[in-house]
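Examining the three-dimensional arrangement
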Amino acid sequence: MRDNRQAEPSGKARPVISISDLRKKFGGLEVLKGISLAANQGEVITILGSSGSGKSTMLRCVNMLEVPTSGTIAIDGEVIEMRSTRQGIQPASRKQVDRIRSKAAMVFQSFNLWSHMTVLENVIEAPVHVQKRPRQECIAEAEMLLAKVGLSAKKESYPRHLSGGQQQRAAIARALAQKPSVLLFDEPTSALDPELVGEVLKVMRELADEGRTMLIVTHEIAFAREVSNRIVFLDGGRIEASGTPAELFAAGANERFSRFVSRSN
Amino acid sequence: MIDFAFLAEAFRTLVPGLPLTFQLASLSLALGAVLSVLFGVFATIGGTVVSRVVAFYVFCIRGTPLLVQIFIVYYGMGQFRPFLQDWGVWLIFREPFWCAIIALTVNTAAYGSEIVRGGLKSVPAGQIEAAKACGMSGMLLYRRIILPIAFRQALPGYSNEIVLMIKATSLASIITMMEVTGLAAKLISETFRAFEVFIVAGGIYLVINFLIAQAIGRIEYWLSPHLRDMPTAEPNNA
């Protein structure tokens, strides 16, 4: 059995993502109080925690949608360079941030598909216009991805004409089209009607089985237990517990985690 | 009772004013649209100083009559002739046509920038964030995501501005421009039949604006398949 806690940067296995001593303050409120985390190639890490524990903020710091107050983030071994300004630290290079964002695709809670584009146009947008790959190649690939998420029949539809579950699957196809090193999921099922959650989780499970590197913020504890290599439990801006699902769900492993799980069920 | 022969004559007299009406409207709208987008974007992202300057400009232009603005440009600027000559722009301020264009452009840019600003504000933050998250920034983000969405939001409001501008060109007649209204005033001074002549002039503006509303309606329809209800069946081939 793999013990993924050994996956800290040791020189051999270079992590796809490595976060070290990440802190984030909003005004006087410190939301993240020093988070360190690394994800190796093919690892699925789920971040659990109650509302306000900082899990979404942490994920958004990875691709600089939220600028950390301190700490370092590296993707594919490339550290995002920061510089000090009067407002605190800021990314030093917009170009580098854009490049890194292109490698860390994000799936949002509220889907955020571009409303004026069809599903297919949404999927090919970043490959064609950000990564400057040939349009025909991108279309062919987008059609494969849409088939994979079960939306071939909807490629000419606009987001407004899709159900929430379909929109989120389209958003996953859009993220995959970037050929990212890591997929970031920010509560991907929290805005869905209960009966639509399953179809999205099914797609995510397939991605996990393919060996994609994924960082998932979710409230779906059963799903986390089933697909994760590792669960990270955030509480009050700190990593309260971390380990394989078997370890964390073992009786008496962590009292706060047990309480969180029993509250959520 | 109704003198159709005279109405027809009035129509024939006023139609030659149409090209000038169209020139005034199209040129000032084209220049004004460019400025509207610039000012609208500046007001949205330009920081405190720039957005306040734009806000002050909009405040002044919206709060004063267009006729007064035309007078300031046409009559008022003449006082500064030596300066304007030094700067080499007197050629422009000497011509009533260009004075009208300047006043109309400055005016529509103020209203237009507010429409553009509203359009930009209505772009959902989540969609901008999704674009950033896939590596877009700067001009690319504006060109591909923000402006297309903002444009669609702003179009209905802007069509109203286009109609207002068509009508506003009639004020250029006060500074000797012989567009439709200018020709109408001239005809009235020759015939003293104000009612018929202005009815015909009004009818001409009505037809122009009807056609413009139709055209913009089509553009709106064409640009907004994403807002329509889903097509329930295949397009009928019958």
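Throughout this document, residue positions are counted from 1 along each chain, in the order its sequence is written. Starting at A for chains and at 1 for ligands, labels are handed out in the order in which the entities are written. For this predicted model, a pLDDT threshold of at least 70 governs which residues receive local features, and a threshold of 80 or more governs which side-chain atom pairs are given and counted, while totals over whole chains, interfaces and linings are taken from all residues.

What follows covers the overall build of chain B. Here a helix means four or more residues in a row that DSSP labels H or I, a strand means two or more in a row labelled E, and each is numbered from the N terminus. Check the secondary structure of chain B and you find eleven helices and zero strands. The principal-axis extents of the C-alpha atoms in chain B amount to approximately 70 × 65 × 25 Å. Within chain B, buried positions represent 34% of all 238 residues. Throughout, a pair of residues is in contact if the C-beta atoms placed from their backbones lie within 7 Å. Partitioning the contacts of chain B with sequence separation of at least 6, the portion at a separation of at least 24 is 79%. Exposure criterion: with C-beta atoms placed from backbone coordinates, a residue whose C-beta has 20 or more other C-beta atoms within 10 Å is buried, one with 12 or fewer is exposed, and one in between is partly exposed.

Attention now moves to unusual backbone geometry. Residues and elements named next belong to chain A. Look at D21: it is not a glycine, yet its phi comes out positive at around 45°. Positionally, D21 belongs in strand 1 (residues 17-26). You can call D21 partly exposed: it has 13 C-beta atoms within 10 Å. Within the chain, K179 stands out as a residue other than glycine whose phi angle is a positive 50°.

A few words now on the interface of chain A and chain B. For interface size, the figure often reported is the accessible area lost on association. Taken together, the 23 residues of chain A in the interface contact 20 residues of chain B. Top contributing element to the side of chain A that touches chain B by residue count: helix 2 (residues 94-103) of chain A, with five residues. Here the residues of the side of chain A that touches chain B are counted per class, giving eight nonpolar, nine polar and six charged. Gly is placed with the polar residues, together with every amino acid not listed as nonpolar (Ala, Val, Leu, Ile, Met, Phe, Trp, Tyr, Cys and Pro) or charged (Asp, Glu, Lys and Arg).

A separate point is the sheet that holds strand 1 of chain A. Residue and element names in this part refer to chain A. When DSSP finds two or more bridges between two strands, those strands count as paired. Spatial ordering of the open sheet is given by 2-1-4-5, a layout of four strands whose pairing is antiparallel. Strands with a single pairing partner mark the edges of an open sheet, and in this sheet they are strand 2 (29-39) and strand 5 (78-79). Of the strand pairs in this sheet, strand 1 and strand 2 are connected by eight bridges, and their pairing is antiparallel. Directly across from K25, in strand 2, lies its bridge partner E30. Only the contacting stretch of a helix is used when fitting its axis, a line to C-alpha atoms as for every element, and angles between N-to-C directions run 0 to 180 degrees. Of the strands in this sheet, strand 1, strand 2 and strand 4 (70-75) are in contact with helix 1 (residues 55-62), which crosses strand 1 at around 120°.

Let us look at the sheet that holds strand 3 (residues 44-48) of chain A. Strands pair in a sheet through their backbones, by hydrogen bonds, and they do so in one of two ways: parallel or antiparallel. Residue and element names in this part refer to chain A. With mixed pairing, the six strands of this open sheet are ordered in space as 8-9-10-3-11-12. Here the strands that pair on one side only, and so sit at the sheet edges, are strand 8 (104-107) and strand 12 (238-243). Put simply, the sheet's adjacent strands are angled 20° from each other on average, direction ignored. The sheet contact formed by strand 8 and strand 9 (residues 182-186) spans four bridges and is parallel. Opposite A105, over in strand 9, you have L183 as the bridge partner.

Throughout this description, the term nonpolar core refers to a group of buried Ala, Val, Leu, Ile, Met, Phe, Trp, Tyr and Cys residues whose C-beta atoms join them within 7 Å. Within the largest apolar cluster, 124 residues are counted, with the highest numbers of intra-cluster contacts made by A:I47, A:A173, A:V182, A:L184 and A:L215. When residues in this core are grouped by element, the largest group, 13 residues, is from helix 7 (residues 96-121) of chain B. Ignoring any residue separated from it by four or fewer positions in sequence, one finds A:A173 in contact with A:V123, A:L145, A:L146, A:V149 and A:L151.

Attention now goes to the packing of helix 8 (residues 125-133) of chain B against helix 9 (residues 138-168) of chain B. Each pair of packed helices can be described by the angle between their axes along with the distance between the axes. Residues and elements named next belong to chain B. The contact between helix 8 and helix 9 brings their axes to 11 Å, and the two run at 170°. Between helix 8 and helix 9, the interaxial angle falls into the category roughly antiparallel. On helix 9, the residues touching Q127, I128, A131 and K132 of helix 8 are L141, I145, I146 and I149. Across the contact of helix 8 with helix 9, the residue classes break down as six nonpolar, one polar and one charged. For this classification, under 35 degrees means roughly parallel, over 145 means roughly antiparallel, 65 to 115 means roughly perpendicular, and everything else is oblique.

To estimate how far a helix should extend, the number of its residues minus one is multiplied by 1.5 Å. Here helix 3 (residues 119-130) of chain A is twelve residues long and its end C-alpha atoms lie 17 Å apart, about the 16 Å a rise of 1.5 Å per residue gives. Of all twelve residues in helix 3 of chain A, eleven are buried; the element is thus mostly enclosed. For helix 3 of chain A, the full list of buried residues reads A:V119, A:L120, A:N122, A:V123, A:I124, A:E125, A:A126, A:P127, A:V128, A:H129 and A:V130. The inward-facing, buried residues of helix 3 of chain A abut helix 2, helix 4 (135-148) and helix 5 (164-177) of chain A together with helix 9 of chain B. Within two residues after helix 3 of chain A, A:K132 carries a phi angle of roughly 55°, on the positive side.

Our focus in this paragraph is helix 2 of chain A. The periodicity of an α-helix, 3.6 residues per turn, causes residues three or four positions apart to be oriented the same way. For helix 2 of chain A, the set of buried residues is A:V97, A:D98, A:I100, A:R101 and A:S102. Buried-residue contacts for helix 2 of chain A involve strand 4, strand 5, strand 7 (88-91), strand 8 and helix 3 of chain A together with helix 8 of chain B.

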